[in-house]
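Chain by chain, the residues:
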Amino acid sequence: MQGQMQERPLLISQLIDFAERFHGDGEIVSRRVEGDIHRYTYADAALRSRQVANALDRLSVPIGERVGTLAWNGYRHFELYYGVSGSGRVLHTINPRLHPEQVAWIINHAEDEVVCFDLTFAPILKAIHTHCPKVRQWVALCDADALPSDTGIPNLISYESWIAGEATTYAWPELDESVAACLCYTSGTTGNPKGVLYSHRSSVLHAYAAAMPDVMCLSAKDSVLPVVPMFHVNAWGIPYTAAATGCKLVFPGPALDGKSIYELLEAEKVTFAAGVPTVWQMLLGHLQQNNLRFSTLQRTVIGGSACPPAMIRMFKDTYGVTVLHAWGMTEMSPLGTLCTLKNKHLSLSADEQLKILCTQGRPVFGVSMKIVDDEGRELPHDGKAQGELLVSGPWIVRSYFKGEGGDPLIDGWFPTGDVATIDADGYLHITDRSKDVIKSGGEWISSIDVENIAMAHPAIAMAACIGMRHPKWDERPIVVVVKKPGADVAREELLKFYEGRIAKWQIPDDVVFVDAIPLGATGKMQKVKLREEIAGYTLPGL
Ligand code: AMP
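What counts as what
- Residues numbered from 1 in each chain as written.
- Predicted model: local features only at pLDDT ≥ 70, side-chain atom pairs only at ≥ 80, totals over all residues.
- Heavy atoms only, no water.
- Axes fitted to C-alpha atoms, helices over the stretch in contact; angles between N-to-C directions.
- Helix = DSSP H or I, 4+ residues; strand = E, 2+ residues; numbered from the N terminus.
- Parallel < 35°, antiparallel > 145°, perpendicular 65-115°, else oblique.
- Left-handed = near helix turned anticlockwise from the far one by under 90°.
- Contact = heavy atoms within 4.5 Å.
- Near = heavy atom within 4 Å.
- Polar contact = N/O pair within 3.5 Å; in protein donor to acceptor, adjacent residues only side chain to side chain.
- Areas by Shrake-Rupley, 256 points an atom, 1.4 Å probe, with all protein chains shown as cover.
- Nonpolar A, V, L, I, M, F, W, Y, C, P; charged D, E, K, R; others polar.
- Disulfide = S-S within 2.5 Å.
- Phe/Tyr/Trp six-rings, centres within 6.5 Å; stacked < 30°, edge-to-face > 60°.
- Buried < 20%, exposed > 50% of the residue type's maximum accessible area, 1.4 Å probe, protein only.
- Lys NZ or Arg CZ within 6 Å of the ring centre and 35° of its normal.
- Pairing = 2+ DSSP bridges.
- Right-handed = clockwise from strand over helix to strand, strands pointing away.
- Domains from an automatic or database assignment.
- Buried area = accessible area lost by both parts, 1.4 Å probe.
- Core = buried A, V, L, I, M, F, W, Y, C linked by side-chain atoms within 4.5 Å.

**Here we look at the packing of helix α1 (residues 12-22) against helix α2 (residues 42-58)**
Then, number 1: Interhelical geometry of α1 versus α2 gives an angle of 140° and a closest axis separation of 8 Å. Relative to α2, α1 is oriented oblique. Of the two elements, α1 crosses α2, and the hand of that crossing is left-handed. On α2, the residues touching I16, A19 and E20 of α1 are Y42, A43, A46, S49 and R50.

The following block contains the structure:
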């Protein structure tokens, strides 16, 4: 027997309609590329999104075609999120930190017809536009008088001129909820990046899930600052969840240094922020150096790579801010797990609670997880068995754009490439990327655990643990570290710091000091590149 409820498709346009209707005066504050602060409301954003939709109609961009963006977090990018997807086109967010050649490759692979970009990225497009023949319209996200005249880019218009004459009314189409809304390419650390096509349905379901109390717990009472970029995995879905909840939105634009972020957090009374560990490290450094405190910040979700326990502790103990450690990936829209305590944990000591809060947390409702051994056999959720993590759910990829890479699923499950344990309560502990796993004497050593210990040392800013070939043990770990400015620590002292914090045989064989660890376009450590940089290195005693 069929249920008898209405079959209303879940569409991205409904989010902005809702925000306009019920949170029309809700504020959206942006630091612009120009350096000033721009303020307006959800009602303004909704109106201008409709102008974007009309501008795309005027260009006759067909439904389903891609519109690329190379842009920071800001109000114009937010309008494109809604104007492009809401009108049935596919918003293709491009990571501007990629090599220009890769940006061109992605624009061509996606077959973008229109590309909108912040002025910061004009040099990239100046260099590559001749290699992107399918792009019919280039739009610089600026006022008419700021349009650069020296780019040589044909069909270039300022965003404000582009939408200025357009009607502010638009009838959003009643799309099939499973059509594509957004396209985001994976970081592509090996080979070319692959496109993940989010649908209206997957994005709206993800928006509901992200708002739940044990996830981001967002509400109309919050002031939210996503430092995570709108150019990668939709800033963890925050632009959608924000419209669904009516929270105040604060966009940092290009200024991601500790001082600028701190000023915005304070001035806009931010209660909730989201970012990767490297950005928060800059923020914490700024607070420490200037002896500052947060006056409104309550919670911050940190993910994208493992958040060092030392950072979680410092946020809590020194600044009274709760870190919500999250794990996910581009292929998962991105939310997979997020860490909050259960009722039964409330009576535990602060140290015991912290131990739980340092894990990657429990699955968000909608995400199924399992771990398997090398033969694909399911492993127990006992917090000890370690295996490859597989996931499934309505906002997890089924196949890549244009079928690239064939069928990625194994019996309907997506293999994440992460190695993890899961405990009886569902708490996930990521120990490694499968390609980074260190196997020593037949036993696994978690490179993340080794890194986290080094990061707990007051003199260490960043640490990467890698396995080096060893004739007897197969592999032995070493830790490559960057010292904090003005701080010092000797090799022996750091190795001694490991004693009692990790099993003896897991202690790295050596410490290598470097000035910097290479980071990829999404802020993750690039261990392959790091290995190249220390190519001449040999383990002590070999
Ligand atoms: P991306 O698709 O670029 O977002 O990268 C996803 C990958 O980042 C995951 O498969 C993990 O390897 C890593 N990652 C994300 N969040 C975490 C986390 N909290 N702890 C450890 N690794 C993480």
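**Some points on the site of the ligand**
Then, number 1: In the vicinity of the ligand, 16 residues are found, and the nearest of them are A326, T330, Q360, D418 and R433.
Then, number 2: At 2.5 Å, a side-chain N or O of T330 approaches an oxygen atom of the ligand.
Then, number 3: The separation between an oxygen atom of the ligand and a polar side-chain atom of R433 is 2.8 Å.
Then, number 4: When the ligand is considered free in solution it has 500 Å² of accessible area, and contact with the protein chains removes 92% of it.
Then, number 5: Per-element tally for the shell around the ligand: the top contributor is strand β14 (residues 322-328), with 4 residues.
Then, number 6: Grouping the amino acids of the shell around the ligand by side-chain chemistry returns 4 nonpolar, 9 polar and 3 charged.

**What to know about the state of the cysteines**
Then, number 1: A complete count under the given rule lists 0 disulfides for this structure.
Then, number 2: C247 takes part in no disulfide bond, and the closest cysteine sulfur to it belongs to C217, at a distance of 11 Å.
Then, number 3: Its sulfur unpaired, C465 is 18 Å from the next cysteine sulfur, which belongs to C358.

**Thoughts on the packing of α2 against helix α3 (residues 75-86)**
Then, number 1: Relative orientation of the contacting elements α2 and α3 amounts to 60°, with a least axis distance of 8 Å. Taken together, the axes of α2 and α3 are oblique relative to one another. Handedness of the α2/α3 crossing: right-handed. On α3, the residues touching Y42, A45, R48, S49, V52, A53 and L56 of α2 are Y75, R76, F78, E79, L80, Y82, G83 and V84.

**Observations regarding the packing of aromatic side chains**
Then, number 1: Enumeration according to the criterion identifies 16 aromatic pairs in this entry.
Then, number 2: Geometrically, the ring pair formed by Y40 and Y75 is edge-to-face, given 5.3 Å between the ring centres and 75° between the ring planes. With Y40 in strand β2 (residues 37-41) and Y75 in helix α3, this pair connects stretches of sequence that are 35 residues apart. Residue Y40 shares its accessibility class with Y75, and that shared class is buried.
Then, number 3: Pairing Y82 with Y240 gives two aromatic rings, centres 6.0 Å apart and planes at 90°, and the pair type is edge-to-face. Here Y82 is found in helix α3, whereas its partner Y240 is found in helix α9 (residues 238-245), with 158 residues between them in sequence. Accessibility classification places Y82 together with Y240 in one group, the buried group.
Then, number 4: What links up through ring pairs into an aromatic cluster is the set Y42, F78, Y81, Y82, Y240 and F251.
Then, number 5: Across from the ring centre of F513, 4.7 Å away, lies the NZ or CZ of K483, which sits over that ring.
Then, number 6: Above the ring of F497, the side-chain terminus of R501 is found at 3.8 Å from the ring centroid.

**Observations concerning the pairing of strand β4 (residues 90-93)**
Then, number 1: Here β4 shows two buried faces, one formed by V90 and H92 and the other by L91 and T93.
Then, number 2: The sheet contact formed by strand β3 (residues 66-70) and β4 spans 4 bridges and is parallel. For G68, the partnering residue across the bridge sits in β4 and is H92.
Then, number 3: For the crossover that starts at β3, traverses α3 and ends in the parallel β4, the hand is right-handed.

**Focus on the sheet that holds strand β19 (residues 414-422)**
Strands belonging to one sheet form pairs held by backbone hydrogen bonds; the direction of such a pair is parallel or antiparallel.
Then, number 1: Spatial strand order, β17-β18-β19-β20: 4 strands in an open sheet with antiparallel pairing. In this open sheet, the two strands that pair with only one neighbour each are β17 (368-372) and β20 (428-433). On average, each strand axis in the sheet is inclined to that of its neighbour by 45°, with strand direction left out of account.
Then, number 2: Where strand β18 (residues 387-392) meets β19, 4 bridges bridge the pair, whose relative direction is antiparallel.

**A short note on the domain arrangement of the protein**
Accessible area lost upon the coming together of the parts serves often as the stated size of an interface.
Then, number 1: As far as domains go, the protein holds domain 1 (14-255), domain 2 (368-433) and domain 3 (438-533).
Then, number 2: Relative to domain 3, the C-alpha centre of domain 2 lies at a distance of 26 Å.
Then, number 3: When the buried surface of domain 2 facing domain 3 is broken down by residue, Q386, T431 and D432 rank first, second and third, together holding 62% of it.
Then, number 4: At the boundary of domain 2 with domain 3, the tally comes to 3 residue pairs in polar contact (both at pLDDT 80 or more).
Then, number 5: For the side of domain 2 that touches domain 3, the leading source of residues is β20, giving 4 residues.
Then, number 6: For the side of domain 2 that touches domain 3, the class distribution of residues is 2 nonpolar, 3 polar and 1 charged.

**Description of the nonpolar core**
Then, number 1: In terms of nonpolar packing, the biggest core is built from 145 residues, with F78, W162, W280, F294 and L389 touching the most fellow members.
Then, number 2: Lining this core are residues from two domains, each supplying at least three of them: domain 1 (14-255) and domain 2 (368-433).
Then, number 3: Excluding its chain neighbours within four sequence positions, the residues that come into contact with F78 are I16, I28, Y42, A45, M230, P239, L249 and F251.
Then, number 4: If you look at the next biggest cluster of nonpolar residues, it comprises 20 residues, including I453, I460, Y498 and V511.

**Section: helix α4 (residues 100-110)**
Then, number 1: Every buried residue belonging to α4 is among V103, A104, I106, I107, H109 and A110, and all of these are buried.
Then, number 2: Residues of α4 that are buried in the fold lie against β3, β4, β5 (114-117), α5 (122-128) and β8 (180-185).
Then, number 3: Of the residues flanking the end of α4, it is E111, one or two places downstream, whose phi is positive at about 60°.

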